[in-house]
Amino acid sequence: MLQIKTKGSPFERGRQQGESCKAIAMKWISPKIQELEEAYEVKRLEDILNSCKNAFQRVYPEGYEECCGIASGLNIPENDYFKAILSWRLLSKFQNCTSIGFYTRENRPVLGKTDDIHKEELGVNILEITHPDRGYKHIHFHFAGSIWTTAGMNECGLAMGMTGIPGVETGEDGFMSLDALHTILPRCKTVKEAVSYLKSINLSYYGFSLILGDAKGEMALIEKTGNGMAEIMPIDRGFLIHTNHILDSELAAKNPAQKEPILSNGIKRYKNALSLISSIPKTEEGMMMFLNDRSSKGAIRQQGEDGLYTDYGVMFLPVEKRFIYFSGYPDYTIKEVNCEEIFQ
């Protein structure tokens with residue numbers, strides 16, 4: 001997995017990212033532009049694009065500037081770039097994820113996440129080390145050439161990992177779910193701060209679950225869509241588990257059902273996870289066993305199930321400000337990182 005460093009203003013960081021990962025980013029950006037242009041009549045696509053760009057700029061000007069910087073670094077027209085990042089919304093093609101959290105015998109939180117994507121997208125995730133001009137330094141995993149933070153940790157020890165869940169399109173100004181995730185690590189120091197912040201923002205499209213842990217030893221699992229937010233309580237043996245369907249019954253009733261095959265794939269993974277947590281040790285070794293499970297009942301590390309492949313998995317130890325991740329398919333490599341060292 002490519003590792004890059006960015007620093008400075010949003011535009012500067014975006015430009016640095018675009019320049020550093022152009023070959024990887026264009027692997028998914030070019031096909032998405034073409035697919036979107038084939039799916040929409042030119043004038044209709046232009047109107048949607050302008051409306052979405054204007055809303056993005058109103059709600060999240062720093063994110064908009066970072067995206068403009070990425071387009072500059074990639075050396076492609078801004079409109080083409082915004083077509084690519086809006087494609088996941090306009091084409092409704094979503095990926096899968098699994099998240100897990102538990103406390104060790106020493107009462108320290110351990111968080112885990114896998115990121116499952118389509119075969120043609122394998123290898124597009126990167127690890128970015130960010131030194132923003134404002135906000136906390138942080139590392140984050142995301143698609144090359146995007147601001148879609150799917151997992152990460154900041155210099156304070158706040159760690160997070162997401163899964164996607166179905167949410168309403170509100171028609172009002174608000175964050176698209178993947179954009180909102182990018183705002184958490186630079187802004188929040190603790191789980192409590194992150195939960196409070198997430199309650200304060202509006203989502204305009206789709207939703208996410210988010211497992212959170214911090215250096216103080218706090219941990220939480222929340223679900224959020226444009227129609228509300230819920231905290232998910234621990235289940236057997238104190239585990240927190242999420243795949244890609246809404247677990248809170250009241251929140252689920254306010255939102256659309258998950259689409260297939262993500263729904264059935266996620267339910268199989270969830271049921272398998274419930275089976276696994278009955279016996280895995282609540283240790284680093286136990287977390288790696290879970291993230292690498294290949295059970296036929298609902299593999300956590302996917303290798304083609306329902307057309308999905310695990311591109312990376314990560315384990316966060318927020319009290320130690322340390323994380324371990326694996327990447328690649330069919331290759332498999334493991335790396336351990338000390339955040340205090342890489343932020344120097």
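Structural data are supplied above this passage.
Given the structure is predicted, the values throughout are model-derived calculations rather than measurements. (Residues numbered from 1 in each chain as written. Predicted model: local features only at pLDDT ≥ 70, side-chain atom pairs only at ≥ 80, totals over all residues. Heavy atoms only, no water.)

K.L.:
Please clarify how the overall build of the protein should be interpreted in this entry.
P.N.:
A count of helices and strands for the protein gives twelve helices and 16 strands. Compactness check: the protein gives a C-alpha radius of gyration of 19 Å against a globular reference of 20 Å for 344 residues, within 12% of the reference. Across its three principal directions, the C-alpha atoms of the protein cover 55 × 45 × 40 Å. Across the 344 residues in the protein, those meeting the buried criterion constitute 59%. (Helix = DSSP H or I, 4+ residues; strand = E, 2+ residues; numbered from the N terminus. Rg over C-alpha atoms; globule rule 2.2 N^0.38 Å. Buried < 20%, exposed > 50% of the residue type's maximum accessible area, 1.4 Å probe, protein only.)

K.L.:
Would you mind going over the packing of helix α3 (residues 42-59) against helix α4 (residues 61-74) with me for this structure?
P.N.:
For any two helices packed against each other, one specifies the crossing angle of their axes together with the interaxial distance. Their axes nearest at 5 Å, the elements α3 and α4 cross at an angle of 125°. When the axis of α3 is compared with that of α4, the two are oblique. On the side of α3, the interface is formed by Lys 53, Phe 56, Gln 57, Arg 58 and Val 59, while α4 contributes Pro 61, Gly 63, Tyr 64 and Cys 67. Across the contact of α3 with α4, the residue classes break down as five nonpolar, two polar and two charged. (Axes fitted to C-alpha atoms, helices over the stretch in contact; angles between N-to-C directions. Parallel < 35°, antiparallel > 145°, perpendicular 65-115°, else oblique. Contact = heavy atoms within 4.5 Å. Nonpolar A, V, L, I, M, F, W, Y, C, P; charged D, E, K, R; others polar.)

K.L.:
Whenever I open this one, the sheet that holds strand β4 (residues 125-132) confuses me. Can you help?
P.N.:
The eight strands lie next to each other as β1-β4-β5-β6-β7-β10-β11-β12, forming an open sheet whose pairing is mixed. For this open sheet the edge positions go to β1 (3-8) and β12 (228-231), each flanked by a neighbour on one side alone. Each strand of the sheet is rotated relative to its neighbour by a mean of 25°, with strand direction disregarded. Together, β1, β4 and β5 (138-143) form the strand contacts of helix α1 (residues 10-20), whose direction differs from that of β1 by roughly 155°. (Pairing = 2+ DSSP bridges.)

K.L.:
Where do I start with the side chain of Thr 183 in this structure?
P.N.:
Residue placement: Thr 183 occurs in the loop between α6 (177-181) and α7 (184-187). Within the structure, the side chain of Thr 183 is placed 2.7 Å from the side chain of Tyr 197, a separation counted as a polar contact. When near neighbours in sequence (up to four residues on either side) are disregarded, Thr 183 contacts Tyr 60, Phe 175 and Tyr 197. (Polar contact = N/O pair within 3.5 Å; in protein donor to acceptor, adjacent residues only side chain to side chain.)

K.L.:
Help me understand helix α5 (residues 78-90), please; the structure alone is not making it clear to me.
P.N.:
In this model, α5 (13 residues) spans 17 Å end to end at C-alpha, consistent with the 18 Å of a helix rising 1.5 Å per residue. A maximum bend of about 30° is found in α5 at Ala 84. Burial analysis of α5 places ten of its 13 residues in the buried class, which makes it a mostly covered element. Contacts made by the buried residues of α5 are with α2 (22-39), α3, α4, β8 (175-176), α6 and β9 (203-205). At the exit of α5 stands Ser 92, carrying a positive phi of roughly 55°. (Expected span 1.5 Å × (residues − 1). Bend = angle between axes of the 7 residues up to and from the residue.)

K.L.:
I'm lost on the sheet that holds strand β2 (residues 96-103) in this one. Help?
P.N.:
Remark on secondary structure: sheet strands pair via backbone hydrogen bonds, oriented parallel or antiparallel. Strands sit in the order β13-β2-β3-β14-β15-β16 across an open sheet of six strands; the sheet is antiparallel. The sheet is open, and its two edges are formed by β13 (240-242) and β16 (333-338), each paired on a single side. Geometrically, the sheet is characterised by an average inter-axis angle of 10° between neighbouring strands, direction not taken into account. Of the pairings in the sheet, the one linking strand β14 (residues 308-317) to strand β15 (residues 322-327) comprises six bridges and is antiparallel in character. Its bridge partner lying in β15, Val 314 is registered against Tyr 325. Docked against the sheet, helix α10 (residues 262-276) engages β2, β3 (109-118), β13 and β14, running at close to 25° with respect to β2.

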